[in-house]
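As a plain string of letters, each chain reads:
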Amino acid sequence: SSQVYPIHLPRETRTRRALLICNIEFEHLSQRNGAEVDVEGMTKLLEGLGYVVDIHRNLTSEGMAAVMKEFADHKDHRTSDSTFLVFMSHGVRAGLCGTKSKDETTDILPLDTIYERFNNKYCQALLGKPKVVIVQSCRGGNIGSVMVSDSADPSMPTPSSAHTVPAGLEDDAICEVHLESDFATLHSSTPDTVSWRSSVTGSLFIQRLIEQFQNHACDSNLQEIFRKVQYSFGKFPRQLPSQERTTMLRKFYLFPGL
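By the naming in an unreviewed UniProt entry, the protein chain is CASP1 protein, taken from Aramus guarauna.

*Asks:* Account for the sheet that holds strand β5 (residues 95–97), naming residues and giving values.
*Replies:* Pairing in this open sheet of three strands is antiparallel, and the strands run β4-β5-β6 from one edge to the other. Looking along the sheet, the strands with just one partner apiece sit at the ends: β4 (91–92) and β6 (108–110). Relative to the sheet, helix α2 (residues 61–72) contacts β5 and β6, its axis offset from that of β6 by approximately 40°.

*Asks:* Can you lay out the sheet that holds strand β13 (residues 242–244) for me, pointing to particular residues and giving the numbers?
*Replies:* Strand pairing in a sheet relies on backbone hydrogen bonds, with the paired strands running either antiparallel or parallel. Across the sheet, six strands lie side by side as β2-β1-β3-β7-β10-β13; this open sheet has mixed pairing. Lying at the two open borders of the sheet, with one neighbouring strand each, are β2 (52–57) and β13. In this sheet, adjacent strand axes meet at a mean angle of 15° when their direction is disregarded. By the bridge criterion, six bridges tie strand β1 (residues 17–22) to strand β3 (residues 83–88) in an arrangement that is parallel. Its bridge partner lying in β3, Leu19 is registered against Leu85. Its contacts with the sheet place helix α1 (residues 35–48) against β1, β2 and β3, and it is angled at close to 165° to β2. Sitting on the sheet, α2 is in contact with β1, β2 and β3, with an inclination near 175° to β1.

*Asks:* Account for unusual backbone geometry, naming residues and giving values.
*Replies:* Positive phi, normally seen in glycine, also occurs at Asp182, with a value near 70°. Counting through the fold element by element, Asp182 comes out in the loop between β9 (174–176) and β10 (183–187). If you check the backbone angles, Arg245 has positive phi at about 45° while not being a glycine. Structurally, the position occupied by Arg245 is in the segment after β13. Here Arg245 falls in the partly exposed class, since its relative accessible area comes to 36%.

Rules behind the numbers
- Residues numbered from 1 in each chain as written.
- Predicted model: local features only at pLDDT ≥ 70, side-chain atom pairs only at ≥ 80, totals over all residues.
- Heavy atoms only, no water.
- Pairing = 2+ DSSP bridges.
- Helix = DSSP H or I, 4+ residues; strand = E, 2+ residues; numbered from the N terminus.
- Contact = heavy atoms within 4.5 Å.
- Axes fitted to C-alpha atoms, helices over the stretch in contact; angles between N-to-C directions.
- Buried < 20%, exposed > 50% of the residue type's maximum accessible area, 1.4 Å probe, protein only.

Structure, rendered in structure tokens:
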């Protein structure tokens, strides 16, 4: 169907690659205990979906940008049908914290850098192919919930224990295309709010994302899986994953096993 991203090559010959950057240890910020569990879980998931995963840990913002450029230039993208870009770190409203970050302005990788590096100008090998961006980080310091009442009584209810944190137009042979297209992005939380992580079991967002992919990648398209991840937070009002900057023109089915 023209409404579905094509997968031209069989699994034996296509060269799917994924990039995973995870910052765990910082010079001035707290260590992200449990993040290694997220790395292991996401690596296993992506490898199961047919991706070779390039893993990088503990990078400054300049280091992250350099790694992204190297990955975007990889020749394997020419014989791939898609890519995953996974980022895990401390974060602020403006972007992701590098390992030398001290506050909201030092050693921060702007999120725009991701889209600039992999847009259709600078990464033509992925032109017309899904680029899935997964971001696990806080985006501010606010709790993502608010207490509301469904009665006329304006008094606010007390927090429930259920809400506690769990352990081609053509001209002279030049093709004009969108500068930025075919991205699908899922953030672990909404802007200005925190994301929750267990030091033992890892990030709540990554846990649930892995679960939904394992259960539904065989029969659901990517954005439907994203919706399922969001739905799984329905009874945890302190955090809600957010689909943003999505420019997918078609439905993307991963078709594992094909």
